[in-house]
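Structural features, examined
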Amino acid sequence: MEKNLLIIDDDVDFGSQVGEFLEFEGYNVQIINEPANVKNIEGQFDIFLIDLKMPNISGVDLIRYIRKTYPGSALYVISGLPSLEKFIKDEGLREYINGCLSKPFSPEKLLEILQSS
């Protein structure tokens, strides 16, 4: 079964590269590079990949919004923040997410966590 996946990341190149890789692996991928547009998305998504550090929107607020709007979807944080695990713990995000990956990460590591969804 093909899974619908949404990447939310303001880095256009990163989103495109990850999206192409995941499409090759059989995922149906959509990408949002302007995080403010997330409230306008339509459709159902099985998996979200969300960057924490983006302009004009709080990644923490975005995570809480997506968890409330899509309660049955898997939600993974992808970020270049140093001490990502500590940030997630300090912000109380552990209950909202399924996991996290620090940038840069290998395609194999990304597939490993997505296949557990």
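In case you missed it, the structure is sitting above this.
Attention shifts here to the pattern of salt bridges. Summed over all chains, the structure comprises 5 salt bridges. One salt bridge connects D51 with K103, and the closest N-O pair in it is separated by 3.5 Å. Taken as a pair, D51 in strand β3 (residues 47-51) and K103 in the loop between β7 (99-102) and α4 (107-115) lie far apart in primary sequence, 52 residues in all. For D51, a relative accessible area of 5% translates into the label buried. A salt bridge links K109 to E112; the shortest N-O distance between them is 3.4 Å. Of this pair, K109 and E112 both sit in helix α4, separated by 3 residues, roughly a single helical turn. Three or more residues joined by partner-sharing salt bridges are found here, namely D9, D51 and K103.

Below, the discussion takes up unusual backbone geometry. For the bond running from K103 to P104, omega is -5 degrees, close enough to zero to count as cis. Within the secondary structure, P104 is located in the loop between β7 and α4. Of note, N56 is a non-glycine position whose phi angle comes to about 70 degrees, a positive value. Relative to the assigned elements, N56 resides in the loop between β4 (53-54) and β5 (57-58). On the basis of relative accessibility, which here comes to 71%, the residue N56 falls in the exposed class.

Our focus in this paragraph is the packing of aromatic side chains. Counted by the stated rule, this structure contains 4 aromatic pairs. Plain terms: the ring middles of F45 and Y70 are 6.2 Å apart, the flat faces sit at 65 degrees to each other, and that makes the pair edge-to-face. In this pair, F45 is assigned in the loop between β2 (28-32) and β3 and Y70 in the loop between α2 (59-69) and β6 (74-79), connecting sequence segments 25 residues apart. A residue is classified by how much of its surface remains accessible, and Y70, at 8% relative accessible area, is buried. Here a set of aromatic residues connected by ring pairs shows up, and it is made of F45, F48 and Y70.

Moving on: the packing of helix α1 (residues 12-24) against α4. Interhelical geometry of α1 versus α4 gives an angle of 60 degrees and a closest axis separation of 11 Å. Relative to α4, the element α1 is oriented oblique. Note on packing geometry: the crossing formed by α1 with α4 is right-handed. Contacts between α1 and α4 involve V18, F21 and L22 from the first element and P107, L110, L111 and L114 from the second. A per-class count over the contact of α1 with α4 returns 7 nonpolar, no polar and no charged.

Turning our eyes to something else, we now look at a negative patch on the surface. On the surface, D10, D11, D13 and E34 cluster together into a negatively charged patch. Along the chain, the position of D13 falls in helix α1. We classify D13 as exposed; its relative accessible area is 55%.

Another point: α4. For α4, the complete set of buried residues consists of L110, L111, I113 and L114. Each buried residue of α4 sits inside an arc of 165 degrees when the element is viewed along its axis, so together they form one side. Exposed and facing more than 90 degrees away from the buried side of α4 are E108, E112 and Q115. Buried residues along α4 sit against β1 (4-8), α1, β3, β6 and β7.

Rules used in this analysis
- Residues numbered from 1 in each chain as written.
- Predicted model: local features only at pLDDT ≥ 70, side-chain atom pairs only at ≥ 80, totals over all residues.
- Heavy atoms only, no water.
- Salt bridge = Lys/Arg side-chain N within 4 Å of Asp/Glu carboxyl O.
- Helix = DSSP H or I, 4+ residues; strand = E, 2+ residues; numbered from the N terminus.
- Buried < 20%, exposed > 50% of the residue type's maximum accessible area, 1.4 Å probe, protein only.
- Phe/Tyr/Trp six-rings, centres within 6.5 Å; stacked < 30°, edge-to-face > 60°.
- Axes fitted to C-alpha atoms, helices over the stretch in contact; angles between N-to-C directions.
- Parallel < 35°, antiparallel > 145°, perpendicular 65-115°, else oblique.
- Left-handed = near helix turned anticlockwise from the far one by under 90°.
- Contact = heavy atoms within 4.5 Å.
- Nonpolar A, V, L, I, M, F, W, Y, C, P; charged D, E, K, R; others polar.
- Patch = residues over 30% accessible without salt bridge, like charges linked within 9 Å, V, L, I, M, F, W, Y side chains within 5 Å.
- Areas by Shrake-Rupley, 256 points an atom, 1.4 Å probe, with all protein chains shown as cover.
- Lys, Arg positive; Asp, Glu negative; His and termini not counted.
- Charge placed at Lys NZ, Arg CZ, Asp CG, Glu CD.
- Arc of directions from axis to C-beta.

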